[in-house]
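Listed here are the chains, written in short residue letters.
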Amino acid sequence: MKSKAFLITGMIASFIVASTLSVYPLQHTLASIRPSFMVMVMIFWVMYRSSMMSVWAVFLVGLASDLLLGTHLGYQAFCAVLTALVLRIMMLYSKELTLVQAWFGASVGLCVYQVALWILHALAYGEFSFIGFGSVLSSILFFPVVWLALHWINKQVKERAY
């Protein structure tokens, strides 16, 4: 059994790795289906360690995504807080999450995040586009891999996560 410092270090390292993967250059054909790594990591920690991922922490992750990805300041932050709210309402009565339950919750969270981004984009520019649909699908399909890595970090600390 590891200490809480191990968990906090693991959480910070997972966000650093996710931010690196989010901005790593890809070929133009692959860029449209790049998974949303920061969002997947944020969703995992909101589902499994909601007491450590407060609204302010989620907001800061969203602001970091805004700065890394070059979107308007506050877009990703708003979507992150909205996603965290939806996930916390969904997880209100759950105890232990299996992979399938977490995958379903992450799928809902990723869809909420992307739909909120589409709505904000439509309001800001007056036009609606489905840019990012491939990213949502690849994120949903890739989430179990992220879950396996982060679940190992999470289970090292035996205290209740909720």
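Everything here concerns the structure above.
Now for a quick tour of the structure. All figures in this text were calculated on a predicted structure; none of them were measured in a lab.

## Observations concerning the overall build of the protein chain
Thought 1: A tally of regular secondary structure across the protein chain gives 7 helices and 0 strands.
Thought 2: The linear arrangement of helices and strands in the protein chain, starting from the amino end, is α-α-α-α-α-α-α.
Thought 3: Computed over C-alpha atoms, the radius of gyration of the protein chain comes to 15 Å, within 12% of the 15 Å expected from 2.2 N^0.38 for 162 residues, which places it in the range of a compact globule.
Thought 4: In terms of principal-axis extent, the alpha carbons of the protein chain reach across some 50 × 35 × 25 Å.
Thought 5: Relative to its 162 residues, the protein chain shows a buried fraction of 41%.
Thought 6: Sequence-distant contacts in the protein chain: of pairs separated by 6 or more residues, those separated by 24 or more amount to 70%.
Thought 7: Accessible surface, the protein chain: about 9,200 Å² in total, of which carbon and sulfur atoms supply 74%.

## A closer look at the environment of Gly132
Thought 1: Mapping Gly132 onto the fold places it in the loop between helix H6 (99–125) and helix H7 (133–155).
Thought 2: Residues Gly132 and Ser32, spaced 100 residues apart in sequence, show a C-alpha to C-alpha distance of 6.6 Å.
Thought 3: In contact with Gly132, not counting residues within four places along its chain, are Gln114 and Trp118.

## Looking at helix H4 (residues 55–69)
Thought 1: When the terminal C-alpha atoms of H4 are compared, their 21 Å separation across 15 residues agrees well with the 21 Å that a helix rising 1.5 Å per residue should span.
Thought 2: Every buried residue of H4 is listed here: Val58, Val61, Gly62, Ser65 and Asp66. Buried positions in H4, seen along its axis, are confined to an arc of 145° and lie on one side of it. For H4, the exposed residues lying more than 90 degrees away from the buried face are Trp56, Leu60 and Leu67.
Thought 3: Check the buried side of H4 and you find it contacts helix H1 (4–23), helix H3 (37–48) and helix H5 (75–90).
Thought 4: Two residues or fewer past H4, Gly70 is found with a positive phi of approximately 80°.

## A closer look at a nonpolar patch on the surface
Thought 1: A cluster of nonpolar side chains, contributed by Tyr24, Leu26, Leu30 and Ile33, occupies part of the molecular surface with about 380 Å² of accessible area.
Thought 2: Relative to the helices and strands, Ile33 is located in the loop between helix H2 (28–31) and H3.
Thought 3: Using a relative accessible area of 41% as the deciding quantity, one classes Ile33 as partly exposed.

## Considerations on the packing of aromatic side chains
Describing an aromatic ring pair means giving the distance of the ring centres and the angle of the ring planes.
Thought 1: Taken as a whole, this structure holds 5 aromatic pairs when the rule is applied.
Thought 2: Where Phe6 meets Trp152, the ring centres are 6.1 Å apart and the plane angle is 80°; that geometry is what we call edge-to-face. Of the two residues, Phe6 is situated in helix H1 and Trp152 in helix H7; the sequence distance between them amounts to 146 residues.
Thought 3: Exposure remark for Phe6: the relative accessible area of 26% places this residue in the partly exposed category.
Thought 4: In this structure Trp152 comes out as partly exposed when scored by relative accessible area, which is 44%.

What counts, and at which threshold
Here the residue numbers are simple positions, counted from 1 along each chain's written sequence. Residue-level local features of this predicted model are given only where pLDDT is at least 70; pairs of side-chain atoms are given and counted only at 80 or more, and the full residue set underlies all totals for whole chains, interfaces and linings. Hydrogens and waters are ignored; side-chain quantities use all the structure's heavy atoms. Secondary structure elements are defined from DSSP: runs of H or I of at least 4 residues count as helices, runs of E of at least 2 residues count as strands, and each element is numbered from the N terminus. Two things to know: the radius of gyration comes from C-alpha atoms, and the globule rule equals 2.2 Å times the number of residues to the power 0.38. Think of it in three bands: residues with accessible area under 20% of the maximum for their type are buried, residues over 50% are exposed, and the middle band is partly exposed, with areas taken using a 1.4 Å probe on protein chains only. Only heavy atoms matter for contacts: two residues are in contact if any of them lie within 4.5 Å across the pair. Here the accessible surface of atoms and residues is derived via Shrake-Rupley with a 1.4 Å probe, and residues count as covered only by protein chains that are part of the display. Any helix carries an expected span of 1.5 Å times its number of residues minus one. This arc is taken over the directions from the axis of the helix to the C-beta atoms. Each patch is built from salt-bridge-free residues with over 30% relative accessible area, joining like charges within 9 Å and nonpolar side chains (Val, Leu, Ile, Met, Phe, Trp, Tyr) within 5 Å. Should a side-chain nitrogen of Lys or Arg be within 4 Å of a carboxyl oxygen of Asp or Glu, the pair is scored as a salt bridge. Here the aromatic set is Phe, Tyr and Trp, taking the six-membered ring for Trp, and pairing holds for ring centres within 6.5 Å; pairs whose planes are under 30 degrees apart are stacked, those over 60 apart are edge-to-face, and all others are tilted.

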